[in-house]
Structures are given as structure tokens and as C-alpha cells.
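Read off the chains here:
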Amino acid sequence: MQITKKNGQLHVPDNPLIPFIEGDGIGKEITPFVQQIVDAAVEKSYGGKRKISWKEVLAGEKAFNKVGTWLPNETLEAFRNSLVGIKGPLTTPVGEGIRSLNVALRQELDLYVCLRPVRWFKGVATPLLHPEKVRVTIFRENTEDIYAGIEWAAGTPEVNKVLTFLKEEMGVAKIRFPETTSIGVKPVSVEGTERLVRAAILYALEHKLPSVTLVHKGNIMKFTEGGFKKWGYALAEREFPDQTFTEHRFNSIKAEKGLDAAVEAYNQALETGKVFIKDVIADAFLQSTLLKPEEYAVVATLNLNGDYISDQLAAMVGGIGIAPGANINYNSGHAIFEATHGTAPDIVGKEKANPCSMLLSAVMMLEYMGWNDAGRLITNSLEKLFEGGYATPDLARFMENGKSLSTTQFCEKVIENL
């Protein structure tokens, strides 16, 4: 049966149909194991009352080899109809076809949130002295910014038209080398900003988290990134006046009544469970997360910033191999959970692939479906294994007393420890 959404609520049957893309490269190695682990956790949690019906759909090299297209319409239709799905890593065609299969899926289904929760597992080696302080959930805008793919190559008739318009119609005189310049356009909208920030605030309220930080580069890009900051604050103050306390409000009280009054108002807001809405410039944020990561709980940011931020925070807790991710439209209910790493062609068939990114994304999928008990079993199992030093080679080699396991051995141990 298919998952549906009615009256703002997701309705998940006991036997939901979940489409999946196996993925390219190591996808064919990790995806079957992820399904086995999820099936075992669901069986153990619900005693046979619930069970996922997996349906393979094609994308990437496997699709191209079988049907001659990288992203068949049938695949998009399956995700549209089933609402919830999961995918392994995909190859992006070079020099032809779709710019990026991942971006195409997000754009086609309007999956406007890239959700990336970042946490540390005890036992996993990291470059930080206190990785346990890192507990951040990133809301990355998925459909706008430079990932919209609006650009023209240097020397083409199209870019010459754009350059002529910019110079003659708009009076732009800052393009230093017009003959050899490519041009890209960065769209950022009020609507795109508001729906992302709204989702981030609702997440913080639901999970009782203390803050949402708007990360931007508005000091330089004043109307795009600066607009994101301005519109984000306005949304919080308009739609959540009794549930949030903004940095704008803090500064207003400070200017009117002094610092002590502002601090008192801030402390009162936190004591009553309000979410503090603040902002920080992107480059300062990257530094600050290394020095005081505990100051950030939920982050809302634009597409390119989110790309950098997600990978940096993942590296801080052990690497992208244990970084889960999801692409979600909270309005329609559509969600695709995914491995956040690449296809790793250099280790294909060597039993070295780490399934944890896709597996933790599957945990996110179970939580999204409301099957929290099954998700918790998987997370607890991974915590036990990592604390004991058990991991695939990419993680084990850096762990104190690390015990390197093949992909098969590691997945079998996950199931044993459920």
C-alpha cells in the first residue's frame, strides 16, 4: 500500500511500498544490506505487524544501460506516487545529459529541504577534542541559489546576449574581462526562504531545541543572501511571535532599555521554551563551529552554503561515511532519503564499502514514517559497534583499537546487535 498525506498528516500503512534506487558503484553492495538491516529492525520492533515492500526503480548507470536514459519518467512517477523513497549514490553523467541526477530529483519533486543531522558516535575518530559537543541539524535550501543551474558559458552567443543586456540595459560596469567571462544567475525568493525557515523553526519546536541560526553571506550579496536573512527573521516574527525570540528583538530591547534588560528578556524566553532565532555570516560560522559547536542546534541556510557546511560538520564527527541525509517537501509529504557520499568506484567489489550513511538515512526514513522504535534499534546497534571499535576499514583505521570488518561482516554485526 502507498503512503499518503491528508489534512497535513502523513498516513503510513503497516505494509508501505517504498521505491528505492540501488545506486551506482558501491550502491549495489550497500543497498541490499541496508534493506536487510531495516527489515530485521522492523520485524524485531513490531513482531511481523509491519513490513516494508521494497520496489526497485532505475536511475544512473543502471538505468542508462537498461533503458537508455539516466532518469526514467517511471522512476519520478514512482516517487511521486509513493511519497517516501530511498536511494544509493548515483553517478552524474560527464559532458552530457542531466547536470546532476541528485539535483534533478530534488528539482522535479520540489524537495526544497535538504535535511542533514550531524552527531558524533562514541569511538569514531575525529579531529576535534570534544566531538560530543557537535549536535547540529542542517536545513539546506534545495531548489534555488546557484544550484538552479542558470548559467551561460564564456564565448557563446547566449552569454554575449546576457553581457550586452547587463552593460547596455542595466549599466553594469564591473565585469572585468567580458570576452572570457561565463555568467551565472543566483535566484533567491521570499517564498523559497520562508518555507525553508518555517520548516527549520517547526523542527526546533518539535524537538525542543534552543535555537535556529540563519547562515548567509548577506554582507556581500545584499539582495539574495541578505534577503534570505531579512525574510527569515520576518517569517519568525510574523508566524511564530509567541514561540520564538529573535536577535532583532534582543537588539531592539538593548537599544531601548540597555543590555541588562535585553539579557533578561533573552533568558526569560529560553526558560519558557522559546526558540532563539539568530544569524551569522557563513565564513564566521565555519570558524565558530570548530571553536564552539555547542552554540548551534538547527541551521537554516541557502544551497551553496549548505553544501560546504554539511560536509565540514560531517568531517568534524568522523566523515561523510556516517553522514545521513534526506530531501523533503514538508507540504506535499514527498521525501527521498539518500547516501550522502559518492559512488567510490575505486573500492567497488573489495568489501570495503561503508553502509552507514545510507543506513542512517534509512533511520531518518523510519522516523519520518513514525516507526521510531525500529530506527532506534539500528542507531543503538551502531553505537555499540563503534564504541567497541568495530567498523568498516575507512573508519576502523583511525579508531583506537579499531577492528576492521568487511562490508558483509559489519552489516551482519549490526543485525546481531539490534
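Predicted, not measured: the structure shown is a model, and the values here were computed from it. (Residues numbered from 1 in each chain as written. Predicted model: local features only at pLDDT ≥ 70, side-chain atom pairs only at ≥ 80, totals over all residues. Heavy atoms only, no water.)

Asks: What should I look at first to understand the overall build of the protein in this one?
Replies: Scanning the protein from N- to C-terminus turns up 15 helices and 17 strands. Expected size for 418 residues packed as a compact globule is a radius of gyration near 22 Å; at 23 Å, the protein falls within 12% of this value. The principal-axis extents of the C-alpha atoms in the protein amount to approximately 60 × 60 × 50 Å. Across the 418 residues that make up the protein, the buried fraction comes to 50%. (Helix = DSSP H or I, 4+ residues; strand = E, 2+ residues; numbered from the N terminus. Rg over C-alpha atoms; globule rule 2.2 N^0.38 Å. Buried < 20%, exposed > 50% of the residue type's maximum accessible area, 1.4 Å probe, protein only.)

Asks: Explain the pairing of strand β10 (residues 211–216) here, please?
Replies: By the criterion of burial, β10 is predominantly enclosed, with six of the six residues buried. As defined by bridge partners, β10 adjoins strand β12 (residues 275–281) across six bridges and the pair is classed as parallel. Directly across from H216, in β12, lies its bridge partner I281. Relative to strand β13 (residues 298–301), β10 is paired through four bridges, and the arrangement is parallel. Each bridged residue has a counterpart across the sheet, and for L214 the counterpart in β13 is A300. (Pairing = 2+ DSSP bridges.)

Asks: Please clarify how the nonpolar core should be interpreted in this entry.
Replies: Across soluble globular proteins, nonpolar side chains have a tendency to be buried as a group. In this structure, F139, V212, F337, I378, L382 and F386 are the most contacted members of the largest nonpolar core, which totals 93 residues. Considering each element in turn, this core owes the most residues, 10 residues, to helix α12 (residues 356–368). Those residues in contact with F337 that lie beyond four places of it in its chain are V84, G85, I86, K87, G325, A326, S361, M364, M365 and Y368. Counting 15 residues, the second largest nonpolar core, distinct from the first, contains V57, L76, A104 and L105. (Core = buried A, V, L, I, M, F, W, Y, C linked by side-chain atoms within 4.5 Å. Contact = heavy atoms within 4.5 Å.)

Asks: Would you mind showing me how to read the pattern of salt bridges here?
Replies: Oppositely charged side chains can form a pair if their charged atoms are brought close together. Summed over the entire model, instances satisfying the criterion amount to 20 salt bridges. Between D145 and K186 there is a salt bridge whose closest N-O contact spans 2.5 Å. Of the two residues, D145 is situated in the loop between β7 (135–141) and β8 (150–152) and K186 in the loop between β9 (183–185) and α6 (190–206); the sequence distance between them amounts to 41 residues. By the burial criterion, D145 is buried, and K186 matches it. Via salt bridges that share partners, E194, R198, R238 and E239 belong to a single interconnected network. (Salt bridge = Lys/Arg side-chain N within 4 Å of Asp/Glu carboxyl O.)

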